[in-house]
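Geometric and topological summary
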Amino acid sequence: MLRYIAQRLLLMIPTLFGVALLVFVMLRVMGGDPVETMMRGGGGNVSQAVIEQERVRLGLDRPLYVQFGKWLGGMVTGDFGVSMWTGKPVSQEIASRLQLSLQVAVMATVLAILISIPLGTLSALYKDTWIDHVVRVISIAGLAVPSFWLGMIIILVLLSYFHWHPPIMFTPFFENPRENLAQLIWPALAVGYRYSAVATRMMRSTLLEVLQEDYIRTARAKGVYERLVVIRHALSNAMLPVVTVIGLEFAFLIGGLVVTEQVFNLNGIGKLFVQAISRSDLTMVQALVLLVAAFFIVVNFVIDLMYAWLDPRIRYG
Amino acid sequence: MGAVPGTLDVTYKVPRRRHPVLAFALQQPLGTAGLLVIVLMIGAAVFANWVAPYDPLAVDYGGILAPPSWKHPLGTDNFGRDVFSRIIHGSQTALSVGFLSSLIGCTLGAVIGVASAYFGGRTDMIVQRFMDVILAFPIIVLALAVVGVMGKNVVFGIDWNLIIAIGLPMVPRVARVVRSSALAVREMPYIDAARTAGFSPARIIFRHIVPNVVAPYLIMLTASVGQAILLEASLSFLGLGVTEPTPSWGLMLSGSAIDFYQQAPWMIVFPGVAISLAVFAFNLFGDSLRDWLDPKLKL
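The rules behind the values
- Residues numbered from 1 in each chain as written.
- Chains lettered and ligands numbered in written order.
- Predicted model: local features only at pLDDT ≥ 70, side-chain atom pairs only at ≥ 80, totals over all residues.
- Helix = DSSP H or I, 4+ residues; strand = E, 2+ residues; numbered from the N terminus.
- Buried ≥ 20, exposed ≤ 12 C-beta atoms within 10 Å, placed from the backbone.
- Contact = placed C-beta atoms within 7 Å.
- Axes fitted to C-alpha atoms, helices over the stretch in contact; angles between N-to-C directions.
- Left-handed = near helix turned anticlockwise from the far one by under 90°.
- Nonpolar A, V, L, I, M, F, W, Y, C, P; charged D, E, K, R; others polar.
- pLDDT = per-residue confidence, 0-100.
- Core = buried A, V, L, I, M, F, W, Y, C linked by C-beta atoms within 7 Å.
- Expected span 1.5 Å × (residues − 1).

Quick look at the overall build of chain A now. The helix and strand inventory of chain A stands at 12 helices and 0 strands. Each helix and strand of chain A, placed in order from N terminus to C terminus, yields the pattern α-α-α-α-α-α-α-α-α-α-α-α. Scored against the burial criterion, the 317 residues of chain A give a buried share of 37%. Restricting to contacts in chain A with at least 6 residues of sequence separation, those with at least 24 account for 74%.

Quick look at the structure:
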């Protein structure tokens, strides 16, 4: 097991390197010029000499491989560079927003788990009844409704009936947990709907598959209570793919947040990312994309480890 | 024909061969409903100039933010433009971007998947690792990065960079599914036969493997169109996709729509309904197509 973990950890390095290289090439070779965007974007009249000077200051005049090497070298020592727009360290800018996005992501995940496991189970147990039909329509719709639009509708409803407005200031959890939760539950719901729809569908289909297995018939034939058959025999075996989906969607949740944060006026990672892109803030975009990809790779790894924990038959040697 | 001594008179009930479209309609009612919506949408997009009661760009400052009425079935926006006409014309954008990006992304993915499976070994390993790298990016993050760095590139009224941005995340996903189907086909005896007959790899790939992975390809293609429409709406909403004055559902939700929450809720309700309905239809049709063509396929 330890050997397997070490192997997987080592294998992450080339993948991460590939991600870093791809991001770098994409941004630096095909991308716009950040200095041009910053200085001439607003239609300002700036002389070429000033632009060149700024390029030298940001190190953009150096050969690409030197820039890449510097960036990689910096990251190994925990230095992600300086934002080309604000001049502050990238890590500092990200850290101040990460808490908020992570909290929304965790809340959406909890919501998704609370919704999808019971709904998916009910849907599978009452297959082809009205319960099943309702759950399926709700979950197929969940894949179609854009989360940012759902967010707008939530705000519209809250505004019309409760005169609630998305607050301008963000309240951190440890300052006022009630206020904080009241503020973030709505964006979590907006992104969590799609999330739980995906998980519900998976829960339903795997549970249906498991219920066909021989050991379920054996358990029933032995006279085990139906409740126990479902909970102990069926559910525990159907959980694996559901855990995978929940984990993968958690890693990808940041994608849903990119748009939904705009709607709720939340100053999180998603908003930062959109800002960085429209400002051609290369260092910031690089760091964010790499962070998200690394997060995805790590989550994948954790899911694999959870497999072994959830299903003792799986042994990594 | 009389009874010939020594033979049994057996009548066979030949199974009726229904037209495939009719057979699909009978067995997959939900998918057919999805297909109907898709056909309606395509009709609305193609004949937008006749279907839409107004010019989607016609500004009418005398009638801004008008609620839904007989004159304007879905109301007007803050420039007095007819929301219904804009939604009808918006379907052109949604469908053209959706279809083109899915076609390009899925075809590229399928080619990579088949080639990777056919050549196997080191090629397969390298290609798969590269696909893994692309898979590590959330779809919208990848699309945003591509749009952000590449800017606009409009030819024939279509922003091809947007198409690439939306199609690119599909490539590794399709490649993965098609590869696993192609791997199974590769082991078939007829592939060995073709190889022994001395056919070139290109001929084996295109004549013998490709026809056998068309089903997963088609399924992925249909499923992708819905996702592409959703992605186009998100990008346009963020101001990084389709830009004014082109009517686009995502664009209708962005910018000023938020400021008119209370005065004109129809400005945000209806474009979102259009997006959801379109994606819903493609998802329903895609799901049924999978059940119909290849029920065991895991996407």
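Before going further, it helps to examine the overall build of chain B. Each helix and strand in chain B was counted, giving 14 helices and 2 strands. The buried share of chain B, reckoned over its 299 residues, is 45%. Put simply, of all contacts in chain B between residues at least 6 apart along the chain, 71% involve residues at least 24 apart.

The next thing to look at is the packing of helix α5 (residues 90–125) of chain A against helix α8 (residues 177–211) of chain A. Residue and element names in this part refer to chain A. Remark: α5 packs on α8, axes separated minimally by 6 Å, with the N-to-C direction vectors making an angle of 35°. In the crossing of α5 with α8, the sense of the turn from one axis to the other is right-handed. Within the contact of α5 with α8, the residues separate by chemical class into 21 nonpolar, 8 polar and 1 charged.

All names here are of chain A. Note on placement: L16 falls in helix α1 (residues 2–29). On the basis of neighbour count, L16 is assigned to the partly exposed category, with 18 C-beta atoms found within 10 Å. With 281 residues separating them in the primary sequence, L16 and I297 have C-alpha atoms 8.2 Å apart. In this view, L16 contacts A294 and I297; residues no more than four positions away in its chain are not counted.

So, about the interface of chain A and chain B. With 37 residues of chain A at the interface, the matching set in chain B holds 33 residues. Where the side of chain A that touches chain B is concerned, the elements lending two or more residues are α1, α6 (130–144), α7 (147–162), α10 (226–263), α11 (269–278) and α12 (282–310) of chain A. A per-element tally of the side of chain A that touches chain B places α7(A) first, with 7 residues. Looking at side-chain class alone, the side of chain A that touches chain B contains 31 nonpolar, 6 polar and no charged residues.

For the rest of this paragraph, the subject is the confidence of the model for chain A. This prediction gives chain A a mean pLDDT of 78; 83% of its residues lie at or above 70. Mean pLDDT values over the elements of chain A span from 61, in helix α2 (residues 34–40) of chain A, up to 86, in α5(A).

Moving on to the environment of B:F237. With respect to the helices and strands, B:F237 occurs in helix α11 (residues 214–237). Looking at B:F237, the number of C-beta atoms within 10 Å reads 27, which means it is buried. Between the C-alpha atom of B:F237 and that of B:S248, which follows or precedes it by 11 residues, the distance is 9.1 Å. When residues no more than four places from it in sequence are discounted, the contact partners of B:F237 are A:F148, A:V259, B:G250, B:L253 and B:S254.

This part is about the nonpolar core. Burial of nonpolar side chains together is a common tendency in soluble globular proteins. Among the nonpolar cores identified, the biggest contains 155 residues, and A:L288, A:V289, B:A143 and B:L144 are the most heavily contacted of them. Contacts of A:L288, omitting those with residues within four sequence positions, involve A:I94, A:I269, A:L272, A:F273 and A:A276.

Moving on: the environment of A:V285. Topologically, A:V285 is positioned in helix α12. Taking the C-alpha atoms as reference points, A:V285 and A:L21, 264 residues apart in sequence, are found 13 Å from one another. Not counting residues up to four positions away in its chain, the partners in contact with A:V285 are A:L27, A:A276, A:I277 and B:A145.

As a further point, take α11(B). All names here are of chain B. When the terminal C-alpha atoms of α11 are compared, their 34 Å separation across 24 residues agrees well with the 34 Å that a helix rising 1.5 Å per residue should span. Within α11, 21 of the 24 residues are buried, leaving the element largely enclosed by the surrounding structure. Positioned one or two residues after α11, G239 has a phi angle of 80°, which is positive.

For helix α14 (residues 266–293) of chain B, with 28 residues, the first-to-last C-alpha span of 40 Å sits near the 40 Å given by 1.5 Å per residue. Burial runs high along α14(B): 22 of the 28 residues are buried.

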